[in-house]
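# Structural overview for review
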Amino acid sequence: MNITITRGTLTDEELAALTVVLLARAAAQQTAAAAAVPLEPIARWQRLERRPAYYSPVSWQQAA
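Residues numbered from 1 in each chain as written. Predicted model: local features only at pLDDT ≥ 70, side-chain atom pairs only at ≥ 80, totals over all residues. Heavy atoms only, no water.

Take the overall build of the protein chain next. Assigned secondary structure in the protein chain consists of one helix and zero strands. Per-residue burial for the protein chain yields a buried fraction of 3% across its 64 residues. Within the structure as shown, the protein chain displays about 6,600 Å² of accessible surface, and the carbon and sulfur contribution to it stands at 60%. (Helix = DSSP H or I, 4+ residues; strand = E, 2+ residues; numbered from the N terminus. Buried < 20%, exposed > 50% of the residue type's maximum accessible area, 1.4 Å probe, protein only. Areas by Shrake-Rupley, 256 points an atom, 1.4 Å probe, with all protein chains shown as cover.)

So, in structure tokens, the structure goes:
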């Protein structure tokens, strides 16, 4: 996230308010990331040596 002040200057109160908002947002994202349950990795590939050499042309496995 990039924040750019394009015009003017911030007063001390505005800078403090911006800092509080950004820190609260960062803390909320960190809490949400920590609460996420890590999933078990799933292999999305197949080992070719474990597949049969031939499938029938009308086999349901041919569609996979």
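Still more to cover.
This part covers a nonpolar patch on the surface. The grouping of Ile5, Leu10 and Leu15 at the surface amounts to a nonpolar patch, some 250 Å² of accessible area in total. With respect to the helices, strands and loops of the structure, Leu10 is situated in the segment before helix 1 (12-35). (Patch = residues over 30% accessible without salt bridge, like charges linked within 9 Å, V, L, I, M, F, W, Y side chains within 5 Å. Salt bridge = Lys/Arg side-chain N within 4 Å of Asp/Glu carboxyl O.)

Nothing here speaks to function; it is geometry throughout.
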